[in-house]
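Coordinate inspection notes
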Amino acid sequence: MSNITLRQLRYFEAVARLSHFGQAAEACAVSQPALSVQIKELEETIGAKLFERGARQVRLTGMGEEFAGRVQQILRSVDELGDLARAGRDRLVGRLRIGVIPTIAPYLLPGVVEGLAREHPDIDLRLRETITPRLIEELKEGALDIAIVALPISEPAFTEVPLFDEEFVLVRPTRDADQPVPGPDRLRQMRLLLLEEGHCFRDQALSFCAINRAAPRELLDGSSLSTLVQMVGAGIGVTLIPEMAVGVETRSAQVAVAHFPDPAPRRQIGMIWRRSNPMTKQLEQVASAVQQAAAGLGLMDQA
């Protein structure tokens, strides 16, 4: 086993996580043949096949399943050693893996990335956009360093840092711009367009309208806020979007935006990271960059 390398373990972890050699090679920034060679050498060293290779999908063998758990522990420990070394520095340097939910990423990330690159030129940012449950899982596994999400998460293993609050706004067809803003009772009677299952923003919208998640209802689910806004522009219904998304998502749609009277629906945006991460001081600098980006969008005055 002395010939096993960390590179091989990272390549193995990527294939195991993505179930695809091509996507794993892209994630590791290497060619697929180079990754495949390393996986083959790893299997030869171990003396067992780790993957079942199909035409369209790659699956872990029984040995691969057992091996994957050990590999995650090893890579997490190696990453924590690196974090411990970086924790002694005042500035952020090296790799920083940030996860962000889809209802934040397109609107806040550009300002965050710009601010971090300006203040920390030696940082190597790796960005991941996906829904909250996956971010939580990847943060626990050590695949991410921090995540920008809607709070609360209420995971004992994580540190939660609230950053700012943000209102939801109503998006409706332009022809309805002069109509009174509907309250939760009226919204329950309207065709309310929502993000598909798995998005926390969907749950927050349902909560504001006091709609039972399990109750059957006429709706059209969308995979993105952009899709929802365009459907509203086509006259299909109404939707809610976070205020940070207004400038991007409504500029090319025939829609009207309205604010709800108090108590308006809102969410709290914050950062989470593992309590065991020794880089708390440096991660707080990332939190500051997020707040500065939010201020640039006019959101911090709502905190």
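Residues numbered from 1 in each chain as written. Predicted model: local features only at pLDDT ≥ 70, side-chain atom pairs only at ≥ 80, totals over all residues. Heavy atoms only, no water.

1. Let's talk about unusual backbone geometry
- The omega torsion across Leu151 and Pro152 is 0°, close enough to zero to call that bond cis.
- By secondary structure assignment, the location of Pro152 is in the loop between strand E5 (146–151) and strand E6 (158–173).
- Here the amide bond leading from Asp262 into Pro263 is cis, since omega sits at 0°, within 30 degrees of zero.
- The phi dihedral of Ser19 falls on the positive side, at around 55°, and the residue is not glycine.
- Mapped onto the elements, Ser19 comes out in the loop between helix H1 (6–18) and helix H2 (21–27).
- For Ser19, a relative accessible area of 26% translates into the label partly exposed.
- Of note, the phi angle at Ala29 is positive, near 60°, even though the residue is not glycine.
- Tracing the sequence through the fold places Ala29 in the loop between H2 and helix H3 (32–46). (Helix = DSSP H or I, 4+ residues; strand = E, 2+ residues; numbered from the N terminus. Buried < 20%, exposed > 50% of the residue type's maximum accessible area, 1.4 Å probe, protein only.)

2. Focus: the packing of aromatic side chains
- Taken as a whole, this structure holds 5 aromatic pairs when the rule is applied.
- Centroid distance Phe12 to Phe51: 5.3 Å. Interplanar angle 45°. Geometry classified as tilted. You can see Phe12 sitting in helix H1 and its partner Phe51 sitting in strand E1 (residues 51–53), a full 39 residues away along the chain. Like Phe51, Phe12 is buried.
- Between Phe12 and Phe67, the aromatic rings sit 5.0 Å apart at their centres with planes inclined by 80°, giving edge-to-face as the arrangement. In this pair, Phe12 is assigned in helix H1 and Phe67 in helix H4 (residues 62–86), connecting sequence segments 55 residues apart.
- When its relative accessible area of 1% is taken as the criterion, Phe12 is described as buried.
- Counting every residue linked through ring pairs, the aromatic cluster contains Phe12, Phe21, Phe51 and Phe67. (Phe/Tyr/Trp six-rings, centres within 6.5 Å; stacked < 30°, edge-to-face > 60°.)

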